[in-house]
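# Structural overview for review
These are the residues of each chain, in order.
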Amino acid sequence: MDIKAPRGTKDLLPPESTLWKEIERSVDETARLFGFEEIRTPLFESVALFKRSVGEATDIVSKEMYLLTDKGGEEMALRPELTASVVRAAIEHNLLSQQGSLSKLYYNAAPMFRYERPQKGRLRQFHQFGVELLGSPHPLADFQVIAFAYALYRNLGFVNFELRLNTLGSKDVRALWRSALVDYLSKYLSELSDESKRRLETNPIRVLDSKNQRDQEIVADAPTILDYLSDDDRQHFETVQTLLTDSGILYRIDPTLVRGLDYYNRTVFELSSSDLGSQDALCGGGRYDELVEQLGGPSTPAVGFAAGVERLVIVLEKLRGEAPKQCIDVYIVLAEKSATKSLIAVAATIKGAGFSAAYDLLDRSVKAQMREADRLGAKFVVMIGADELAEGVVTLKNMSDGSQERIAPYLLASKLQTS
RNA sequence: GCGGGAUUAGCUCAGUCGGUUAGAGCGCCAGAUUGUGGCUUUGGAGGUCGGGGGUUCGAGACCCCUAUCUCGCCCCA
C-alpha cells in the first residue's frame with residue numbers, strides 16, 4: 001500500500017486507545033470534581049481569530065497554521081490551540097454578559113493542528129485537554145486551575161513532574177521590564193547566540209529560555225520581572241503561591257518561564273517531565289485578563305491551561321510498562337457445529353447478566369477455540385457439545401484451576417455472580 | 001526551516017569484505033492429543049530488504065534522490 005497516514009499524524013490503535021480512554025475518563029472525572037463543564041468547538045475557525053489572540057508575530061500563527069480558503073472565499077485555519085476558540089464561543093453565546101458571571105469550561109482530547117517538524121511528543125495533529133476559567137480576577141482562580149492540573153497528574157500516578165511558576169506582571173509593567181531587558185541584552189549582543197540575537201529583535205522575552213549555555217549565563221543576571229511588579233501584581237502572585245503551599249503543591253519559581261502566546265499576563269505555569277526529552281512540557285497555562293475584551297467581549301479576567309495528551313501517554317506508558325490486556329469473562333466453545341442456537345442463547349444470558357462473552361467466528365476446532373479463550377484471558381469457558389445438548393446442560397470450566405462441571409443454562413448467571 | 005541517526009517477516013532485531021536459495025526470537029496456523037487452554041515437541045505460512053534511480057558479472061549491503069520515523073536546534077502541549 002502506498003498511501004500512508006500523513007506526516008506528523010498517528011493512528012490510535014489498541015491497546016494505546018485504552019490508555020487514551022482512561023485519560024479521557026480521568027479528565028472528565030477531575031472536571032466533575034472541580035465543577036467544570038465540557039465545551040466543544042469547531043476544528044476550524046476564521047484565521048483572524050488566531051491572529052488577534054495568539055499574536056500575528058508568533059511562530060504558531062506566522063508559520064505553523066494549516067490554512068485553507070473555503071469555496072466562499074473565507075480564510076480559515078485548522079485550530080492551533082483552543083483558548084481563542086473557547087473565548088470566541090463564550091462571547092458569541094453571551095456566557096459572560098452578566099456582571100459577576102463565571103464560566104468554568106473544559107475540553108478533552110481535542111485535536112489541534114500545527115505544521116511543525118514532527119518529533120517525539122510533537123505531532124502535526126495532536127490532542128489537548130484543558131480548562132478555561134472565565135470571569136474571576138482572584139488568585140483563587142489561578143490556584144484552582146493549577147490545582148486541577150496537579151490533581152489530574154497525581155491521580156494518574158505521576159511522581160516525576162515539576163511545576164514551574166512565574167508571573168509576567170500586567171501589561172504596562174511588562175513593557176517597562178521588556179525595555180530594560182532589551183537594554184541589558186544589547187550590552188551583550190556580540191556574545192549572544194545567533195538565535196538569541198534574532199529573538200532580541202522579534203521577541204526579546206524568549207531569549208530568557210534559550211538553551212544556549214552562554215546565553216543562560218548572560219540571562220542569569222538580567223533584570224527580572226519580579227523587580228518591576230506593581231504592588232497589585234506582587235500581591236496577586238504571592239497569594240497564588242501561598243494557596244499552593246497551603247495545599248501541599250510543590251512548585252519552583254522560574255523567572256525565565258515565559259509563554260509563547262501573546263495573550264498571557266500575571267501568572268504563568270508549566271508542568272514538565274524529565275521523561276520526555278526536549279519536548280518536555282506536559283501542560284502549560286496562565287492568566288489572560290485582556291483576551292476576552294481584545295476579541296470584542298466584555299472586559300473579563302480569565303485563566304486556563306492546556307495539556308498534551310500524546311506527551312501524557314508517553315510518560316504513562318513509561319511509568320506503567322506493558323499494558324495489561326483486557327480480559328473477557330466467558331468464552332463459549334462450540335463443540336457441536338449445529339448448536340449455534342444454543343450458543344447465541346447462552347451468550348445472551350451471559351451478557352444479560354453483565355458479563356462479557358465471546359465465541360469463535362471462524363468455525364475453528366475445539367482446540368483452537370480453547371487457545372483463543374486462553375489468549376483472551378477468559379476466566380470461564382462454557383462448552384456446548386452433543387453430550388450437553390442431549391442432557392440440556394452446558395459445561396462450565398474455570399480456566400484458572402481447570403475444574404469443570406455441568407450445569408443447567410439458566411443457572412449460569414448466578415453461578416458467575418458468586419464466583 | 002537547519003543538522004545527526006535509522007528504515008530487513010505481524011513485532012523486536014541479526015545479516016561479516018558486495019557473492020549464489022535473506023535468518024533468529026517472539027507471535028500466528030496446524031499436528032502430537034478423533035471434545036479441552038497454558039508447558040513441551042514437530043511441521044507450516046509469512047519478505048516488492050521503505051520507494052525510485054545508479055555503480056557492478058553480481059546490491060539488503062556501495063553512491064545519488066525521495067518518503068517516513070527518531071535525536072538535537074527552532075517552536076511548543
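Residues numbered from 1 in each chain as written. Chains lettered and ligands numbered in written order. Predicted model: local features only at pLDDT ≥ 70, side-chain atom pairs only at ≥ 80, totals over all residues.

Another aspect to go through is the overall build of chain A. Scanning chain A from terminus to terminus reveals 15 helices and 16 strands. Expected size for 419 residues packed as a compact globule is a radius of gyration near 22 Å; at 28 Å, chain A overshoots this value by more than 25%. With the C-alpha coordinates aligned to their principal axes, the bounding extent of chain A is approximately 95 × 50 × 50 Å. In chain A, buried positions account for 35% of the 419 residues. Relative to all contacts within chain A whose residues are 6 or more apart in sequence, the contacts with residues 24 or more apart total 69%. (Helix = DSSP H or I, 4+ residues; strand = E, 2+ residues; numbered from the N terminus. Rg over C-alpha atoms; globule rule 2.2 N^0.38 Å. Buried ≥ 20, exposed ≤ 12 C-beta atoms within 10 Å, placed from the backbone. Contact = placed C-beta atoms within 7 Å.)

This next bit is on the sheet that holds strand E10 (residues 281-287). The strand order across the open sheet built from eight strands is E1-E5-E6-E11-E10-E9-E7-E8, with neighbouring strands paired in mixed fashion. Looking at the sheet topology across the chains shown, the edges are occupied by strand E1 (37-38) and strand E8 (252-253). The pairing of E1 with strand E5 (residues 103-113) spans two bridges and is parallel. The residue bridging Glu 38 from the neighbouring strand is Tyr 106, located in E5. (Pairing = 2+ DSSP bridges.)

In this section: the confidence of the model for chain A. It should be kept in mind that the predicted coordinates are not to be read in detail where pLDDT is low. When the pLDDT values of chain A are averaged, the result is 90; 99% of them are 70 or greater. Mean pLDDT values for the elements of chain A range from 79 in helix H7 (residues 194-202) up to 97 in E1. Taken together, the chains of this predicted complex give a pTM of 0.90 and an interface ipTM of 0.87. (pLDDT = per-residue confidence, 0-100.)

Turning our eyes to something else, we now look at the domain arrangement of chain A. With domains assigned, chain A is organised as domain 1 (16-170 + 230-320) and domain 2 (330-417). Spacing between the C-alpha centres of domain 1 and domain 2 amounts to 50 Å. (Domains from an automatic or database assignment.)

Moving on to helix H8 (residues 213-220). Residues of H8 that are buried include every one of Asp 215, Ile 218 and Val 219, and no others. Along the long axis of H8, the arc covered by the buried residues comes to 100°, so they all point the same way. Residues Gln 213, Glu 217 and Ala 220 are exposed on H8 and point more than 90 degrees away from its buried face. On its buried side, H8 packs onto H7. (Arc of directions from axis to C-beta.)

A few words now on the packing of helix H5 (residues 139-155) against helix H9 (residues 231-246). Here H5 crosses H9 at 45°, and the two axes come no closer than 9 Å. The angle between the axes of H5 and H9 places the two elements in the oblique class. Here the hand of the crossing between H5 and H9 comes out right-handed. Where H5 abuts H9, its residues Pro 139, Leu 140, Asp 142, Phe 143 and Ile 146 lie against His 236, Thr 239, Val 240, Leu 243 and Leu 244. Here the contact of H5 with H9 is composed, by residue class, of seven nonpolar, two polar and one charged. (Axes fitted to C-alpha atoms, helices over the stretch in contact; angles between N-to-C directions. Parallel < 35°, antiparallel > 145°, perpendicular 65-115°, else oblique. Left-handed = near helix turned anticlockwise from the far one by under 90°. Nonpolar A, V, L, I, M, F, W, Y, C, P; charged D, E, K, R; others polar.)

The subject of this paragraph is the environment of Leu 19. When you line up the elements, Leu 19 lands in helix H1 (residues 16-34). On the basis of neighbour count, Leu 19 is assigned to the partly exposed category, with 18 C-beta atoms found within 10 Å. When the C-alpha atoms of Leu 19 and Tyr 66 are compared, they prove to be 28 Å apart, with 47 residues separating the residues in sequence. In this view, Leu 19 contacts Val 313, Leu 316 and Ala 323; residues no more than four positions away in its chain are not counted.

Strand order in this open sheet of three strands is E2-E4-E3, and the pairing throughout is antiparallel. The sheet terminates laterally at strand E2 (44-46) and strand E3 (67-69), the two strands that pair on one side only. Taking each pair of neighbouring strands and ignoring which way they run, the sheet shows an average axis angle of 35°. Running over the sheet, helix H2 (residues 47-55) touches E2, E3 and strand E4 (75-78) and is turned about 75° from E2.

Let's shift gears to the environment of Thr 418. Note that Thr 418 resides in the segment after helix H15 (412-417). Owing to 6 C-beta atoms within 10 Å, Thr 418 belongs among the exposed residues under this scheme. Put simply, Thr 418 and Val 313 are 105 residues apart on the chain and 37 Å apart in space, counted from C-alpha to C-alpha.

As a further point, take the nonpolar core. Judged by nonpolar contacts, the single largest core of 74 residues is most densely connected at Val 131, Val 145, Ala 149 and Ala 307. The biggest single contributor to this core is H5, with nine residues. Excluding its chain neighbours within four sequence positions, the residues that come into contact with Ala 149 are Leu 271, Cys 283, Phe 305 and Ala 307. By size, the runner-up hydrophobic cluster in this structure holds 20 residues, among which are Val 346, Ala 373, Phe 380 and Leu 412. (Core = buried A, V, L, I, M, F, W, Y, C linked by C-beta atoms within 7 Å.)

Further remarks concern the pairing of E4. Every regular strand shows the same layout, with side chains that alternate between the two sheet faces. In this structure, E2 lies alongside E4, joined through three bridges in antiparallel fashion. Residue pairing in the sheet places Glu 45 in a bridge with Ala 77 of E4. Pairing of E3 with E4, which is carried by three bridges, proceeds in the antiparallel orientation. When the bridges of E4 are listed, Leu 68 appears paired with Met 76. Linking two consecutive strands that pair antiparallel, namely E3 and E4, is a turn of five residues; a positive phi of about 85° is found at Gly 73 within it.

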